[in-house]
Amino acid sequence: MVDLMAKSPCDGLLPVEHGGVSLSEIDMTVLTSVSPYKGQDKALSAALKEAHGMAFPGINRATGKEGARAIWFGQGQAMLIGPDPASSLCVHAAVTDQSDAWVLVRLEGGRAEDVLARLVPVDLRQAAFKRGHTARTQLQHMMISVTRTGDSSFLIMAFRSMAKTLVHDLETAMRGVAARHAG
Amino acid sequence: MRIKCPHCGERDRREFYYVGDAVALDRPDPDAGDVVWDDYVHNRDNPAGVTRDLWYHESGCSTWIVVTRNTVTHEILKTELASKVKEAMA
């Protein structure tokens, strides 16, 4: 029997740091898409709260905290990150395993906003995009999900197959921002 | 050009995919006959002015949106969720 090794999407690529901004991979975890059935939004939110401690996120919002998050992921869908989904969710929603399909990275540091401003066509400054806010948008030409997890930290998700491009684009922007403020 | 997604708010045009005339929401009955179907499949107005299209928020929330816009001024007059428009037609 061949002994297979689990390899994370950014294996060998991260972490990196430029000009006080760091980019690191978030450990592979359980990802589950949760799409409420028609008219089941409230019941699902209650079930989610009971099983995993967070409400179903509103549009452009994320709930929960590190280790157990629910992020709004598009029309009628949220991504549950961390916990093994409780079977009680299946009564009210289509629940589908998405683990390993996405790459999760954390961009952190005082100029993280400046880095993202070079790549993402949405205003992600603190005044417009606060902790717990999330957006489905683009990073260069990739579709991503971006969530503010702290005053200077963001969670970025992209398709796993785009991991290398994601790191390349982010690192190029990080170098640019660092060079601008060097010396 | 910026389009206001009913979910995500105002977003850059590059996040959207243009589909075509919103006539697709009004599909004729299968037995409507050749003339009606020919019209539905092939014939489109090409107005210099207000038009109603379907757009897809491809790199955003994956929503179909009915966009009412002016082809002369590029003004976006109205955006609605296609699902809501379709429900209202029923």
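Predicted, not measured: the structure shown is a model, and the values here were computed from it. (Residues numbered from 1 in each chain as written. Chains lettered and ligands numbered in written order. Predicted model: local features only at pLDDT ≥ 70, side-chain atom pairs only at ≥ 80, totals over all residues. Heavy atoms only, no water.)

Focus: the overall build of chain A
Point 1. A tally of regular secondary structure across chain A gives three helices and 11 strands.
Point 2. When the helices and strands of chain A are listed from N to C terminus, the series reads β-β-β-α-β-β-β-β-β-α-β-β-β-α.
Point 3. Its C-alpha atoms give chain A a radius of gyration of 17 Å, near enough to 16 Å, the size a compact globule of 183 residues would have.
Point 4. Viewed in the frame of its principal axes, chain A has a C-alpha envelope of about 60 × 55 × 25 Å.
Point 5. In chain A, the share of contacts with a sequence separation of at least 24, taken over all contacts with a separation of at least 6, comes to 60%.
Point 6. Both charge centroids of chain A, one from 19 positive and one from 18 negative side chains, sit 8 Å from each other. (Helix = DSSP H or I, 4+ residues; strand = E, 2+ residues; numbered from the N terminus. Rg over C-alpha atoms; globule rule 2.2 N^0.38 Å. Contact = heavy atoms within 4.5 Å. Lys, Arg positive; Asp, Glu negative; His and termini not counted. Charge placed at Lys NZ, Arg CZ, Asp CG, Glu CD.)

Here's the deal with the packing of aromatic side chains
For any pair of aromatic rings, the description rests on two quantities: the centre-to-centre distance and the angle between the ring planes.
Point 1. Applying the stated rule across the entire model yields six aromatic pairs over all chains.
Point 2. Taking the centre distance of 6.4 Å and the plane angle of 20° together, the rings of F129 of chain A and F154 of chain A count as stacked. With F129 of chain A in the loop between α2 (112–117) and β9 (134–139) and F154 of chain A in strand β11 (residues 153–159), the pair connects residues that are 25 residues apart, well separated along the chain. Judged on exposure class, the residue F129 of chain A and its partner F154 of chain A are both buried.
Point 3. Where Y56 of chain B meets W64 of chain B, the ring centres are 4.9 Å apart and the plane angle is 40°; that geometry is what we call tilted.
Point 4. These aromatic residues form a ring-pair network of at least three members: F73, W102 and F159 of chain A. (Phe/Tyr/Trp six-rings, centres within 6.5 Å; stacked < 30°, edge-to-face > 60°. Buried < 20%, exposed > 50% of the residue type's maximum accessible area, 1.4 Å probe, protein only.)

Some words on the pairing of β11 of chain A
All names here are of chain A.
Point 1. Of all seven residues in β11, six are buried; the element is thus mostly enclosed.
Point 2. Relative to β11, strand β8 (residues 102–108) is paired through seven bridges, and the arrangement is antiparallel. Residue pairing in the sheet places R106 in a bridge with L155 of β11.
Point 3. When strand β10 (residues 142–150) meets β11, the two strands line up antiparallel, connected through six bridges. Bridging across to β11, I144 finds its partner in A158. (Pairing = 2+ DSSP bridges.)

Remarks on the domain arrangement of chain A
The accessible area lost on association of the parts is a frequent measure of interface size.
Residues and elements named next belong to chain A.
Point 1. Examined at the domain level, chain A breaks down into domain 1 (16–27 + 100–180) and domain 2 (30–97).
Point 2. Computed over C-alpha atoms only, the centres of domain 1 and domain 2 are separated by 23 Å.
Point 3. Counting residues at the interface gives 12 residues for domain 1 and 12 residues for domain 2.
Point 4. Across the interface of domain 1 and domain 2, roughly 1100 Å² is buried in total on both sides, 65% from carbon and sulfur atoms.
Point 5. Its largest share of buried area at the contact with domain 2, domain 1 owes to T134, R136 and M157, together 39% of the area lost on that side. (Domains from an automatic or database assignment. Buried area = accessible area lost by both parts, 1.4 Å probe.)

Examining the nonpolar core
Residue and element names in this part refer to chain A.
Point 1. Among the nonpolar cores identified, the biggest contains 31 residues, and L107, L116, L139, I156 and L170 are the most heavily contacted of them.
Point 2. Broken down by secondary-structure element, the contributors of at least two residues to this core are β2 (21–25), β8, α2, β9, β10, β11 and α3 (163–180).
Point 3. When neighbours within four sequence positions are excluded, L107 is seen to be in contact with V21, S22, L23, A112, V115, L116, S152, S153, F154, I156, L170 and M174. (Core = buried A, V, L, I, M, F, W, Y, C linked by side-chain atoms within 4.5 Å.)

A short note on the layout of surface pockets
Point 1. Reported here for the largest pocket is a volume of approximately 380 Å³.
Point 2. Looking at the largest pocket, it is lined by 18 residues, and the ones nearest its centre are P36, D41, Q75 and G76 of chain A together with H7 of chain B.
Point 3. Among the secondary structure elements, those contributing two or more residues to the lining of the largest pocket are β5 (68–74) of chain A together with α2 (82–89) of chain B.
Point 4. Tallying contributions element by element places α2 of chain B first for the lining of the largest pocket, with three residues.
Point 5. There is about 200 Å³ of room inside the second largest pocket.
Point 6. In terms of lining residues, the second largest pocket is bounded by 14 residues, among which V122, D123 and F129 of chain A together with C8 and R11 of chain B are the most central.
Point 7. Counting only elements with at least two residues in the lining of the second largest pocket, the list comes to β9 of chain A together with β2 (9–12) of chain B.
Point 8. Per element, the largest residue contribution to the lining of the second largest pocket is three residues, and it comes from β2 of chain B.
Point 9. Among the residues forming the lining of the second largest pocket, the class breakdown is five nonpolar, four polar and five charged. (1 Å grid on protein atoms, 1.4 Å probe; cavity = no way out; pocket = protein on both sides within 12 Å on 5 of 7 lines; lining within 4 Å. Points joined across faces, edges and corners; volume = space filled by probe spheres on them. Nonpolar A, V, L, I, M, F, W, Y, C, P; charged D, E, K, R; others polar.)

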